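Examination of the molecular architecture
Here's the letter readout for the chains.
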Amino acid sequence: MALITFSNPEYKDKTVYAVAGSFTETVLKIAKTNKIPINFDCQDGECGSCLVKVTKLNDTKTMGGPLTDKEINVLLQMGKITKDEVDTMAVDDFPTPYRLACQMVVRDEELLVEYNLD
Ligand code: FES
């Protein structure tokens, strides 16, 4: 079970349970299911409009499933991740705070997800 707190200064924080383990539930899907007003457009890891900042609230090593290739490309273009970080992640499963909600699949973990970033 994943516990996700969605946070944005314009709205009340909302914490939701999500079924993890199936490795199919994206952060965007969970947000939409729970009526979180998160920005999105393509839903396919190409536009970057669903950018979120993720913080781990428990002591699991990882944070969400691995980044998709599309996600890496968009985050690089947006300057939210560096090539060095991408290389480190490949070796270390290094968690990066910036993710695309439509690409990030949750695991059994507690996360704070800040959405609709400026
Ligand atoms: S909605 Fe376009 S990248 Fe997520």
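Preceding this section is the structure that the text describes.
To keep things clear, this report deals only with the structure shown in the data block.

Definitions and cut-offs
- Residues numbered from 1 in each chain as written.
- Predicted model: local features only at pLDDT ≥ 70, side-chain atom pairs only at ≥ 80, totals over all residues.
- Helix = DSSP H or I, 4+ residues; strand = E, 2+ residues; numbered from the N terminus.
- Rg over C-alpha atoms; globule rule 2.2 N^0.38 Å.
- Contact = placed C-beta atoms within 7 Å.
- Buried ≥ 20, exposed ≤ 12 C-beta atoms within 10 Å, placed from the backbone.
- Core = buried A, V, L, I, M, F, W, Y, C linked by C-beta atoms within 7 Å.
- Pairing = 2+ DSSP bridges.
- Axes fitted to C-alpha atoms, helices over the stretch in contact; angles between N-to-C directions.

Points about the overall build of the protein chain
Along the backbone of the protein chain there are three helices and five strands. What you see for the protein chain is a C-alpha radius of gyration of 13 Å, in line with the 13 Å of a compact globule of 118 residues. The C-alpha extent of the protein chain, read off along each of the three principal axes, is 35 × 30 × 25 Å. Pairs at least 24 apart in sequence give 71% of the contacts found in the protein chain among residues at least 6 apart.

Section: unusual backbone geometry
Backbone geometry places Gln 43, a non-glycine residue, at a positive phi of 60°. Turning to its location among the elements, Gln 43 is positioned in the loop between helix H1 (27-33) and strand S3 (51-56). The class of Gln 43 is partly exposed, set by 17 C-beta atoms lying within 10 Å. Even without a glycine there, the phi angle at Asn 116 is positive, about 50°. Within the secondary structure, Asn 116 sits in the segment after strand S5 (110-114).

Here we look at the nonpolar core
Membership of the largest hydrophobic core comes to 28 residues, with the highest contact counts inside it found for Ile 4, Val 27, Ala 31, Cys 50, Val 52, Ala 101 and Val 113. If you tally residues by element for this core, the top one is H1, at four residues.

A look at the pairing of S5
Of the two faces of S5, only one is covered, namely that formed by Leu 111 and Val 113; the face formed by Glu 110, Leu 112 and Glu 114 stays uncovered. Alignment of strand S1 (residues 2-8) against S5, held across five bridges, turns out to be parallel. By the bridge assignment, Thr 5 is partnered in S5 with Leu 112. Here four bridges tie S3 to S5, and the two strands are oriented antiparallel to one another. Each residue of the ladder has a partner; that of Lys 53, found in S5, is Glu 114.

Here we look at the sheet that holds S5
Within the open sheet, the five strands sit side by side as S2-S1-S5-S3-S4. Their pairing is mixed. Each edge of the open sheet is held by one strand with a lone partner, namely strand S2 (11-18) and strand S4 (98-100). Averaged over all pairs of adjacent strands, the angle between strand axes in this sheet comes to 30°, irrespective of strand direction.

A few points about the pairing of S2
Two elements, S1 and S2, share six bridges in a ladder whose sense is antiparallel. Counted as the bridge partner of Thr 5 is Thr 15 from S2. Adjacent in sequence and paired antiparallel, S1 and S2 are bridged by two residues.

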